[in-house]
Every structure is written in structure tokens, then in C-alpha cells.
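Descriptive structure summary
Single-letter residue listing:
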Amino acid sequence: MNTTEIFLLAMLLIFSIPWLIWRLGRTDYWAPLVVVQIIVGIVLGPGMLGRAYPEYYQFIFNPAVIGALNGIAWWAVMLFVMIAGIELDLAKAWQHRRESAVTASLALGVPMVAGSVVGIALLGYAGWVGSKALPWQFVLGVGMSCAVTALPILVLLLEKLEILRQPIGQRILRYASIDDIAIWGVLALILLDWERVGRQVGFLLAFGIATILYRRLMVRIPHADRWYVALIWLAACAFGADWSGLHYMVGAFLAGVVMDAAWFDQSKMDMLRNHVLIVLMPVFFLSTGLRTSWELGGAAVFVAAAALLVASIGGKLIGTHIAGKVLGWEPGEAGIIGWLLQTKALIMIIFANVLLDKQIITAATFTALLLMAVASTMLTVPVVYPRLNRMRQLIFRTT
């Protein structure tokens, strides 16, 4: 077969296997399609398919095919991160700033501290810390990975649970929006390169000036042109951030966060996000699976993943329960909010990909973080659904 045929065979595997498992296995309750796609990406990676059938793996995922898949994956994740930035609604968070600030800081800070403790423990063992990482970068990166909330996946789960437009759903989105800003800010801090700090400062100054001009341009051009100009802006910001050493995903998020959602038709924005998830992101999940590693042994990776999972979920629940006590929430709300905010999936995987690209973490640490993200997301709906029903029944009885 030529390279084109092998590439198409890889695409056939990427799109057919997860969909068949999801549809025929009816996994949607505990594993949405996006989670199944991530799991299949891990299975098709070098640690599983590559180890069981090395010849087939090397035939299908040869360097030329991987290069083509990586190109699609880069653009897919840049689009996805940009959309996530656009959809941040910080105006509502500001209207409820005390509640939002208290909850978001506790929901982010407690799991970050818990995850950092796990990171400190991993420092004592070989094979976890990346070759270019300072200890504080590794510890902070692992800690923040435990604190991440995947805002786009959170929206999907809130829709599934039928609370997206309800007051509790809107509150959860406000908390997650503030945490999203903090997550990317911490990532920029981790990636700060003192040898290239001049470039990074120059990029940020140029970005600030360009943002003023860009925003003035966007309100003056027709709606039909805004999508094209937004893509040009995305490519320029991603290039500038990567050139300066901050990573192209930081640039993609900055490109989106300075845009107003009101510039675009909401239904088309929702359609674009869904199309990116369906058409492009499965390739990113596969490319993520190809980066997994079990070189330290499956037991060590699973033990690390379990410790990270406990830090992530336990930290979120402790943080939201403290917030609930401070703010006087209704019984049961803290648990529901904590479980929904600990949803990891996409954003944590994107965050960990950046850490791996910059050699802050190793492939083994990346694999443990990936397993933690998948497990935390799979647990969310089965745990939250009965809690929501009990809370609804309690409200019904009291009224």
C-alpha cells in the first residue's frame, strides 16, 4: 500500500472502532463517545497494539502517517481551545463575583495542592520527571492537572443531565470559567523560559496591541467574514505563542478569550464545536494515545494514576464542601458541584500534552494523567445522576 492508502486505513480505524463500541455497547451513560475515543486511542497506541502486534502497528502508524495525523490533530485542538476561550462568560462570573471567586478558588486550589503532594512523591522516583523540567515546574504541572475542569465536556454532561439551563448548571459554568482562566495562566507560568523571556514579553506586548486592532476590526466587518478572520487570528496567535516558547495551545486560548461570543451566531458556534468534536478531534485522541508509554511497568503507572485520581476527586469534593459551608448552599449541592467540576477529559489531556511537548513530564507521567482523566470523566454521570434525582425529590417533597 502507498502512504495515502495506509493513512485512510488509519482514519477508518479511528472513526469506526470507537463509534461501534459506543453505539453497540450503549456506553453513553458511563462513557460518552468522546471518552470511548480516548480509550481506543490508548489501545491503538504503542503500549497495547504496538506491544501485541508490533508489525501491524509499525505498518499502519509509520512516520509518514503519524506526521499527517499530527497535522490534523494540531489544527483540531487549536480550533477546540479557541472555541473554549470564546465561550468563557466572565461577565456573569463578575456579577456573582463573591460566590464565584470563593468557589472557584477552593475548587481549584485544594485539588492543586493535593495533586502537588503526589507530584512531590513522584520526584523521588526515576522516570516521571521530564528531562527539561525544574522540580517546581513538574510539581505545579502535576498539581494543576489534578485541578483542571474540562469546560467543553462539562457543557455536554450538563446537557445530558438536563441542568445546563437551570440555575445550578449556570453556576457550575461560572465556576469552571474562572478556573479555566487560572489553568492557562498557570500553564504560561510553567512554560516561562528565562532564556527566551525577551521573545515571550515581546509576543505578549504585540498580542495586546494586536488585540485592540483586532477587536475594532471584528465589530466593523460583516458576520460572514468574522469566521474567516477568526481563523486567521487563530493561526497568527498560535504561531506567535509557539515562536516565543509559550506553546501554540496557549496562543489558541488567548486568541479565543479576547473574542466576544456575541460576535457570532450561537447556534453556528454550537454547530462548529460539535463538528470539530465529530470530524477532527478523534484524530487528536488517536495521536494522544500514540504518546502513551508503559516503560515503567503497568503496575507503577496504574498506582500513580490511582493516586492522582484520589487527589483530583478528593480535592474537588473537599474544596466545594468548604465553599458550600462558607456560602450556605442547600444540602447535596456541594457534592453535585464537586463531582461535575472534577470532570477532566479534553482540557486535562490538552494540558498534559503541552507538558509532554515541553518535556516537563515523561511519557509515563502522561499516561498516568491520561488514565486519571478518563476515569474521572467516566465516574461523573453515574455518580451525579442519582444525587440529582434525590435532590429533586427532596425539593418536590418540601414544596
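Report on the accompanying structure.

Re helix H11 (residues 197-218)
Its 22 residues give H11 an end-to-end C-alpha distance of 30 Å, which sits within 8% of 32 Å, the value for a rise of 1.5 Å per residue. In this structure, the buried side of H11 is in contact with helix H12 (223-244) and helix H13 (248-257).

Digging into empty space enclosed by the protein
Going through the model one piece at a time under the given rule, you end up with one cavity of 30 Å³ or more. By residue class, the composition of the lining of the largest cavity is seven nonpolar, two polar and no charged.

Some thoughts on the environment of valine 303
By the secondary structure assignment, valine 303 is in helix H15 (residues 298-327). Residue valine 303 is classed as exposed on the basis of its relative accessible area of 57%. The sequence separation of valine 303 and phenylalanine 203 amounts to 100 residues, and the corresponding C-alpha distance is 40 Å.

Quick look at the pattern of salt bridges
Overall, the coordinates contain five salt bridges when judged by the stated rule. In this structure, glutamate 99 engages arginine 171 in a salt bridge whose closest nitrogen and oxygen atoms are separated by 3.1 Å. One end of the pair, glutamate 99, is in helix H7 (residues 97-123); the other, arginine 171, is in helix H10 (residues 167-190), and 72 residues separate them in sequence. Of the two residues, glutamate 99 and arginine 171, both sit in the buried class. Each of Glu99, Arg171, Arg174 and Glu333 takes part in a single network of salt bridges with overlapping partners.

Thoughts on the packing of H11 against H12
Axis separation between H11 and H12 bottoms out at 10 Å; the angle between their running directions is 170°. Between H11 and H12, the angle is such that the two are roughly antiparallel. Side by side, H11 and H12 meet where Arg199, Gln200, Phe203, Phe207, Ala210, Thr211, Tyr214, Leu217 and Met218 of the first sit next to Arg226, Val229, Ala230, Trp233, Cys237, Gly240, Ala241, Trp243 and Ser244 of the second. Per-class residue counts for the contact of H11 with H12 are 12 nonpolar, four polar and two charged.

Rules behind the numbers
Residues numbered from 1 in each chain as written. Predicted model: local features only at pLDDT ≥ 70, side-chain atom pairs only at ≥ 80, totals over all residues. Heavy atoms only, no water. Helix = DSSP H or I, 4+ residues; strand = E, 2+ residues; numbered from the N terminus. Expected span 1.5 Å × (residues − 1). Contact = heavy atoms within 4.5 Å. 1 Å grid on protein atoms, 1.4 Å probe; cavity = no way out; pocket = protein on both sides within 12 Å on 5 of 7 lines; lining within 4 Å. Points joined across faces, edges and corners; volume = space filled by probe spheres on them. Nonpolar A, V, L, I, M, F, W, Y, C, P; charged D, E, K, R; others polar. Buried < 20%, exposed > 50% of the residue type's maximum accessible area, 1.4 Å probe, protein only. Salt bridge = Lys/Arg side-chain N within 4 Å of Asp/Glu carboxyl O. Axes fitted to C-alpha atoms, helices over the stretch in contact; angles between N-to-C directions. Parallel < 35°, antiparallel > 145°, perpendicular 65-115°, else oblique.

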